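Here are the chains, one letter per residue:
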Amino acid sequence: MADAYSAKVTLLNPTPKLHHHSHSLPMLLPAGTIVFNTVGRPQYGFDVFSVDLNHHHPPPHTSTDHRLTDGLSINFNAQFISHQNDVVFVSERTGSPRFYITRPDNKPQPLSFLPDALFLDRPIIRNGNLYFVSTHDQPDDVFTSWSAVYSSAVEEGATPTVTRLTPHGEVDYSPAVSLTGKFLAVASYRSRRWQTNDFRELQTEIVVFPVADPGKRVTVSERGGWPTWSRDSTIFFHKIADDGWWSIFRVNLNDLDDLPIPENSYSPIRVTPPGLHCFTPAAFHDGKRIAVATHRKESGFRHVEIFDLETQTFQRITEDINPNYHHYNPFVSFDSSQLGYHRFRGESTQGESKYPHLDKVHSPVRDLQLLRLNGSFPSFSPDGDFIAFNHTLEATGGVKIVRSNGSERWTLLKGRTCFHNAWSPTENVIYTSIGPIFESVSKTVQIGRIEFDPVHFTNNRDEVPFKLTILTREETGNNAFPACSPDGKSVVFRSGRSGHKNLYIVDGVEGEFNGGLRRLTEGAWIDTMPCWSPKGDLIAFSSNRHDPKNSEVFGIYLVRPDGSGLRRLEVAKGVEGGKERLNHVCFSGDGEWLLFTANLGGVTVEPIGLPNQFQPYGDLYVVRVDGSGLRRLTCNAYENGTPTWHNGDLVLCGDGDGDCENWDKLKGEFAEPLWITCDI
């Protein structure tokens, strides 16, 4: 079971190009271990499946789908590559997205010749060529997506040469190849700067060009995403119609051999009706049908259906087979007999049925280890042997502790909503926020001090005894995000007691009940998520004080514990700095680097093709305290956040150390994007 998680992660990209304000002397790179959360990702358990349409019958007859991938890690975004129904797909089994080819009853084989990249997606093989999205060509500019479309030969004996098809300075998503392989269509963001929160319907356009001459780019629709070809003459794509429904549109193309054709020569025609959402289309090559993912008001799940273009009717496919699973991103075989998609593999299917407490993620920095946590808001014990975290943010989530090799896990506080933990550097005490997250200034949230004895960390008990002390007064409203001083005597936290969310420092033992409280910041804005430096000389935090009326932008600020020396560390300069959304900041062990989550890289894929991600543009970055050395650590389609930083390296139990039997069972508990609604 642990094989996929114990795979050795090969260093693919030790020197990313994103490096603002570099010094003339060689810069020491950050080191240690970063543990972070990815929204929903541990639950995915995706495998690729197909349905034989020649033998698919609606209820009451029994229909099944056939699994094409092997149940290791997550596998998704596949395409058929031959008439024998071999598929190429994406898998994250090595700690980052990589391409694999699988044939019936054979072990998946990697396509290992591809460029060094943190992210690869949407592979298509046609006429011996691979077309795909990669982020290996990294722009130095912030608020610019790294996604571009490339091609490479995959024929046996051919020398793989990767060719960029997207013009430099532009961004392309979702490539689609015509039946003959002569033409490519993409959802293009062109050269625009990414706009914060532009992800519900990416402002892309449908662009077509000949594979042999990618410079002849023609826009065939000013809005649209996820193109798919029917033969070489018709493109289908999705966009939001004027009545608010995600719908499939069609463009009929003529004279493609004479490209370029004047812009605006085409008029997109709506194909699917209102009353349901349709997206991520895949066209059948008979020109009569399209497969679509749908979101219907009467169903809580995304399903794949076939829309008949002649009769204007839907044929429900996956709802007849697996009514209680989400199904994503359909694809169709060359002879139109097979319909594929990816979905949660199910609890009873062969393959990995559990997921780890800690999971390796490929790191772009040689001496910096990245680990994804099954939970959020991690905090290391002083010796690095344990991690406190919140398994869920629900009403009974509480606080848990996991051994930092990813093996045993214990419950510390349960039956309460808790978030954001801070382990005291000097004793076995964990500070946490007790109360609902994402609430107003007046909602009661309190700072709790949890004392316990590690002697109770044994294999024969699930819960650890503790003493809970509340450090803040109930009537003071929303108190959250505690961080402990290096000497363990004080806690800085965010409070809404004044009517605005600002920072306060409280006694770490008795709290505010004996006069042990002082105000650190003041103003009609939001100061939040503070973190104390290892030397105790600085406190870093997030704030919108540079734009107080905008609760969507946050920058990084530094202040001394006595309130002096306040300054902003502006990562993106000038006008771009006004779009920063930088949160969850923390220091490296030597105090030289800041780690944070950010929106600086834009969106890597079309978010409509994913389960819910609140901020699909959220990635981890580091920067030196003087503002130099900006470096991106994660680049994927998910929301990464709530990181913490430990000085040392960790050896996980899946690497041969410890017992991993108490990992959580895969249940596929993820949701549709919350911004897709049928209340129109």
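Here's a quick rundown of the structure. Owing to the predicted nature of the structure, the values given are computational and were not obtained by experimental measurement. The residue numbers shown here count from 1 along each chain, following its written sequence. With pLDDT at 70 or above as the cut-off, local features in this predicted model cover only qualifying residues; side-chain atom pairs require 80 or more to be listed or tallied, and sums for whole chains, interfaces and linings still use all residues. Side-chain measures here rest on the full set of heavy atoms in the structure, leaving out hydrogens and waters.

## Overview of the nonpolar core
Here is step 1: As used in this record, nonpolar core signifies buried Ala, Val, Leu, Ile, Met, Phe, Trp, Tyr and Cys residues forming a set joined through side-chain atoms within 4.5 Å. Accessibility here uses a 1.4 Å probe with only protein chains present; expressed as a share of the type maximum, an area under 20% marks a residue as buried, one over 50% as exposed, and anything in between as partly exposed. In terms of nonpolar packing, the biggest core is built from 49 residues, with Ile34, Leu594, Phe596, Leu600 and Leu633 touching the most fellow members.
Here is step 2: Mapped onto this core, the elements with two or more residues apiece are strand E1 (32-38), strand E12 (171-177), strand E13 (183-190), strand E28 (368-373), strand E43 (555-559), strand E45 (583-587), strand E46 (593-598) and strand E47 (619-624).
Here is step 3: No other element matches the 5 residues that E46 contributes to this core.
Here is step 4: Counting residues in hydrophobic clusters, the runner-up holds 31 residues, among them Phe76, Leu111, Tyr355 and Val605. In this description a helix means any DSSP run of H or I spanning at least four residues, a strand means any run of E spanning at least two, and both kinds are numbered starting from the N terminus.

## Things to note about the packing of aromatic side chains
Here is step 1: Aromatic rings from Phe, Tyr and Trp, taking only the six-membered ring of Trp, are treated as a pair when their centres fall within 6.5 Å; an angle between ring planes under 30 degrees marks them as stacked, one over 60 as edge-to-face, and anything in between as tilted. Counted under the stated rule, the structure contains 30 aromatic pairs.
Here is step 2: Ring geometry for Phe99 and Phe132: centres 5.8 Å apart, planes at 75°, overall edge-to-face. Residue Phe99 is located in strand E6 (residues 98-102), and its partner Phe132 is located in strand E9 (residues 129-134); the two are separated by 33 residues in the primary sequence. Of the two residues examined, Phe99 and Phe132, each falls in the buried class.
Here is step 3: Aromatic side chains Tyr325 and Phe344 sit 5.6 Å apart centroid to centroid with 85° between the ring planes, which places their arrangement in the edge-to-face category. Separated by 19 residues along the polypeptide, Tyr325 in the loop between helix H1 (318-321) and strand E24 (327-332) and Phe344 in strand E25 (residues 338-344) bring together distant segments of the chain.
Here is step 4: Phe344 gets classed as buried once you look at its relative accessible area, which sits at 3%.
Here is step 5: Aromatic rings pair up to connect Trp194, Phe199, Trp246, Phe279, Tyr617 and Trp675 into one cluster.
Here is step 6: Only Lys NZ and Arg CZ are tested; either one counts as a charge over a ring when it is within 6 Å of the ring centre and within 35 degrees of the ring normal. Sitting above the plane of the Phe249 ring, Lys239 keeps its charged end 4.6 Å from the centroid.

## Side note on the sheet that holds strand E49 (residues 640-646)
Here is step 1: Spatial ordering of the open sheet is given by E27-E28-E1-E49, a layout of 4 strands whose pairing is mixed. Both edges of this open sheet fall to strand E27 (358-361) and E49, since each of them pairs with a single strand only. Each neighbouring strand pair of the sheet contributes to a mean axis angle of 30°, computed without reference to strand direction. We treat two strands as partners when DSSP finds at least two bridges between them. Each axis is a line fitted through C-alpha atoms, and for a helix only the stretch in contact is used; angles between axes span 0 to 180 degrees, taken between their N-to-C directions.

## A short note on the side chain of His238
Here is step 1: With respect to the helices and strands, His238 occurs in strand E17 (residues 234-240).
Here is step 2: Pairs of N or O atoms within 3.5 Å make up the polar contacts considered here, provided that, within protein, one atom can donate a hydrogen while the other can accept it, and that residues adjacent in sequence are counted only when both atoms are side-chain atoms. A distance of 2.9 Å separates a polar atom in the side chain of His238 from the backbone nitrogen of Thr280.
Here is step 3: At 3.0 Å, the side chain of His238 forms a polar contact with the side chain of Glu606.
Here is step 4: In this view, His238 contacts Gly224, Gly225, Trp226, Trp246, Ser247, Ile248, Cys278, Phe279, Thr280, Pro281, Glu606 and Ile608; residues no more than four positions away in its chain are not counted. Note on contacts: a residue pair qualifies if any of its non-hydrogen atoms lie within 4.5 Å across the two residues.

## Details of the pairing of E25
Here is step 1: Of all 7 residues that make up E25, 7 are buried, and the element is covered over most of its length.
Here is step 2: Of the pairings in the sheet, the one linking E24 to E25 comprises 4 bridges and is antiparallel in character. Along E25, the bridge assignment pairs Phe331 with Gly340.
Here is step 3: Hairpin connection, E24 to E25: the antiparallel pair is bridged by 5 residues, and Ser336 has positive phi, about 65°.

## Some details on the side chain of Gln613
Here is step 1: By the secondary structure assignment, Gln613 is in the loop between E46 and E47.
Here is step 2: Classification of Gln613 as buried rests on a relative accessible area of 4%.
Here is step 3: A distance of 2.7 Å separates a polar atom in the side chain of Gln613 from the backbone oxygen of Val39.
Here is step 4: For Gln613, the contacting residues outside a window of four places in its chain are Val39, Tyr44, Phe199, Ala637, Tyr638 and Glu639.

## A look at the environment of Phe386
Here is step 1: With respect to the helices and strands, Phe386 occurs in strand E30 (residues 386-390).
Here is step 2: Overall, the relative accessible area of 11% leaves Phe386 in the buried class.
Here is step 3: In sequence terms Phe386 and Thr458 are 72 residues apart; their C-alpha atoms lie 13 Å from each other.
Here is step 4: Sequence-distant contacts of Phe386, defined by excluding residues within four places in its chain, comprise Ser379, Phe380, Ser381, Ile401, Val402, Arg403, Ser404, Trp410, Trp423 and Phe457.

## A word on the environment of Phe513
Here is step 1: Within the fold, Phe513 resides in the loop between strand E39 (502-507) and strand E40 (517-519).
Here is step 2: Distance in space between the C-alpha atoms of Phe513 and Gln369 is 41 Å, their sequence separation being 144 residues.

## Regarding the pattern of salt bridges
Here is step 1: A carboxyl oxygen of Asp or Glu within 4 Å of a side-chain nitrogen of Lys or Arg is what we treat as a salt bridge. Within the structure shown, the criterion is met by 37 salt bridges.
Here is step 2: Salt bridges sharing partners connect three or more residues here, namely Glu170, Asp172, Arg190, Glu205 and Arg217.

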